Amino acid sequence: MGKKTKAIKKTDIKGNKPWLKKVGLTSYKEESKDPNKTFLIVCEGQTESLYFKSFPTISADVKTYDMGCSNETLVDCTIALASDSNYDEVWCVFDMDFKGDINGQSEDFNAAIQKCINEGVKCAYSNDAFELWIYLHYQYTNQRNHRNFYYGQLSTLFNTNYDRNGKKRKFALSLYEILNDDIRADQLRAIERSKQLVELHNGVPPHEKNPITFVHELVEELNKHLIN
């Protein structure tokens, strides 16, 4: 297993924790440093938005939104929000979340991804669910799984009912820290496993790429701006 990278908590820096001095780090207020890169991250749901919001970035200004809409509508919202400011990177985050009783879902999913490409919006999509990204911190899978599979696995890993509690604001805000502190979880391995899936499904239409997630691409960009 690859070496796990631990981020320094913003609360420790703001609190001028003694352990920072022991490792030769200088404590300073995060607010005193001007961001040198701006991110707009527009998400389908609250979990994703709060997860990215909680990244301890120090050299970037990250604005996240959860819009409660999906696919093409979400891309349109992203484009509208991006027009208000000159962001360095604009990201749209959504998933397939397949429902067999909805006609045209696959076409809408593919069209949303293509619209992102056409409009210069970076797209961190997942199929079937964002929770695949979380699961990959613990285990690799290349099996077609419904989101309920990931909910069940995460319920066991986190000792909670993920379907009920995993979507709540408090849990979503702590998700980055939970994964960072859990010795069983490994973000570097999650990135490696995500890239394996991308390679596995190369040349396949987006709606047929299952399982897959491009969340790792956004994570890698945010990681360049973490406290280190």
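Residues numbered from 1 in each chain as written. Predicted model: local features only at pLDDT ≥ 70, side-chain atom pairs only at ≥ 80, totals over all residues. Heavy atoms only, no water.

1. Some points on the sheet that holds strand E2 (residues 61–66)
Then step 1. Ordered in space as E2-E1-E3-E4, the four strands form an open sheet in which the pairing is parallel. Each end of this open sheet is capped by a strand with a single partner; those strands are E2 and strand E4 (122–123).
Then step 2. Pairing analysis gives five bridges linking strand E1 (residues 38–43) to strand E3 (residues 89–93), with the strands arranged parallel. Along E3, the bridge assignment pairs Phe39 with Glu89.
Then step 3. Docked against the sheet, helix H11 (residues 215–223) engages E1, E2 and E3, running at close to 145° with respect to E3. (Pairing = 2+ DSSP bridges. Helix = DSSP H or I, 4+ residues; strand = E, 2+ residues; numbered from the N terminus. Contact = heavy atoms within 4.5 Å. Axes fitted to C-alpha atoms, helices over the stretch in contact; angles between N-to-C directions.)

2. Some details on the pattern of salt bridges
Then step 1. Summed over the entire model, instances satisfying the criterion amount to 10 salt bridges.
Then step 2. We note a salt bridge from Asp182 to Arg184, for which the minimum N-O separation is 2.9 Å.
Then step 3. With relative accessibility at 12%, the residue Asp182 sits in the buried group.
Then step 4. When the shortest N-O distance is used, the salt bridge between Glu221 and Lys224 registers 3.0 Å.
Then step 5. Classification of Lys224 as exposed rests on a relative accessible area of 55%.
Then step 6. Salt bridges sharing common partners tie together Lys37, Glu89, Glu221 and Lys224. (Salt bridge = Lys/Arg side-chain N within 4 Å of Asp/Glu carboxyl O. Buried < 20%, exposed > 50% of the residue type's maximum accessible area, 1.4 Å probe, protein only.)

3. Some points on the packing of aromatic side chains
Then step 1. Going through the model one piece at a time under the given rule, you end up with 16 aromatic pairs.
Then step 2. With a centroid separation of 4.5 Å and an interplanar angle of 50°, the aromatic rings of Phe55 and Tyr176 are classed as tilted. You can see Phe55 sitting in the loop between helix H3 (46–53) and E2 and its partner Tyr176 sitting in helix H9 (residues 169–181), a full 121 residues away along the chain. Each member of the pair, Phe55 as well as Tyr176, is classed as buried.
Then step 3. Chaining the aromatic ring pairs together yields one cluster made of Tyr51, Phe52, Phe55, Phe130 and Tyr176. (Phe/Tyr/Trp six-rings, centres within 6.5 Å; stacked < 30°, edge-to-face > 60°.)

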